[in-house]
Amino acid sequence: GIVLSPDGSALFLADHGNHKIQRAEVATGAVSTFAGSGIAGSVDGVGDAAQFNAPYGVTISPDGSALFVTDFNKIRRVEVATRAVTTLAGSGEQGDADGVDGAAEFYRPAGIAISPDGSALFVADCWNKKIRRVEVATGAVTTVAGSGERGDADGVGGAAEFDGPGGIALSPDGSALFVADFRNHKIRRVEVATGAVTTVAGSGAEGSADGVGGAAQFNNPYDIAISTDGSTLLVRTKKSALRQV
């Protein structure tokens, strides 16, 4: 995962294999380790005294004060000013439980996005096949959509099904989530207020055909971004193709 600071001066990267969060200065290209010792683990601390275990997704608060990272079955918080790392939610054990802080459980969370007001995180809980919500102030975790069973069904809340949701992007107004549904070869839309899930594009068959809605095909889409005006999605697929929706 990669995210740009609100002022555009720095990029923050979840360096998955190195178990670190890296910072790259946009003006110079200088890269430094922002947090993480480089040894796989799950330790809160400051800078390189902290440990991550294959961090995957990263997002930043609207005011630029904090990073939020999907780590191995946890959601971590990193203060930008001090590099202090804390655990916001997740026990660290693989599981599927709503709850507060360490009472909640995830199973390989992947993409992460933050609401425009900075109050909530939305997580593609990949191996649980769900979209989860985390309250930033309390660490309370709830399920927005997904039954937890492998499938491909539009519907509301737990009536919907995903198969390996990976990348996630939030519309600029915060009303809708867009999800790269990896094994279903589709782009899905989730209404934040209701949990209603619909398919935006993709036939469900693996392929690379351009087209409208269900006439289009994707090959394992796993990352997604949205334009600042909310009109266009950019999707990265397993075959390293960049598609526009």
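Reference entry: report on the structure contained in this document. (Residues numbered from 1 in each chain as written. Predicted model: local features only at pLDDT ≥ 70, side-chain atom pairs only at ≥ 80, totals over all residues. Heavy atoms only, no water.)

**A short note on the sheet that holds strand E13 (residues 130-135)**
Then, in step 1: Spatially, five strands are ordered E10-E14-E13-E12-E11 in an open sheet, and the strand pairing comes out antiparallel. In this open sheet, the two strands that pair with only one neighbour each are strand E10 (99-100) and strand E11 (109-114).
Then, in step 2: Sheet topology note: the strand E12 (residues 120-125)/E13 ladder contains six bridges and is antiparallel. Its bridge partner lying in E13, Val123 is registered against Arg132. (Pairing = 2+ DSSP bridges. Helix = DSSP H or I, 4+ residues; strand = E, 2+ residues; numbered from the N terminus.)

**Topic: the layout of surface pockets**
Using a probe with the size of a water molecule, rolled over the atoms, empty space left in the structure can be pinpointed.
Then, in step 1: Size it by volume and the largest pocket reaches roughly 1300 Å³.
Then, in step 2: Looking at the largest pocket, it is lined by 42 residues, and the ones nearest its centre are Ile2, Val3, Thr59, Ile224 and Ala225.
Then, in step 3: For the lining of the largest pocket, the per-class residue count stands at 26 nonpolar, 14 polar and two charged.
Then, in step 4: In terms of lining, the second largest pocket is formed by 17 residues, of which the most central are Tyr56, Arg108, Ala110, Cys126 and Trp127.
Then, in step 5: Residue composition of the lining of the second largest pocket, grouped by class: nine nonpolar, five polar and three charged. (1 Å grid on protein atoms, 1.4 Å probe; cavity = no way out; pocket = protein on both sides within 12 Å on 5 of 7 lines; lining within 4 Å. Points joined across faces, edges and corners; volume = space filled by probe spheres on them. Nonpolar A, V, L, I, M, F, W, Y, C, P; charged D, E, K, R; others polar.)

**With respect to unusual backbone geometry**
Then, in step 1: Of note, the phi angle at His19 is positive, near 60 degrees, even though the residue is not glycine.
Then, in step 2: With respect to the element layout, His19 can be found in the loop between strand E2 (10-15) and strand E3 (20-25).
Then, in step 3: By relative accessible area, which is 16% here, His19 ends up buried. (Buried < 20%, exposed > 50% of the residue type's maximum accessible area, 1.4 Å probe, protein only.)

**Structural notes on the side chain of Gln22**
Then, in step 1: Take Gln22: it is sitting in strand E3.
Then, in step 2: Taking the relative accessible area as the measure of exposure, Gln22 reaches 14% and is therefore buried.
Then, in step 3: Engagement of the side chain of Gln22 in a polar contact is seen with the side chain of Asp15, the distance being 2.9 Å.
Then, in step 4: Beyond its immediate stretch of four places on either side in the chain, Gln22 contacts Leu11, Phe12, Leu13, Asp15, Val31, Ser32, Thr33 and Phe34. (Polar contact = N/O pair within 3.5 Å; in protein donor to acceptor, adjacent residues only side chain to side chain. Contact = heavy atoms within 4.5 Å.)

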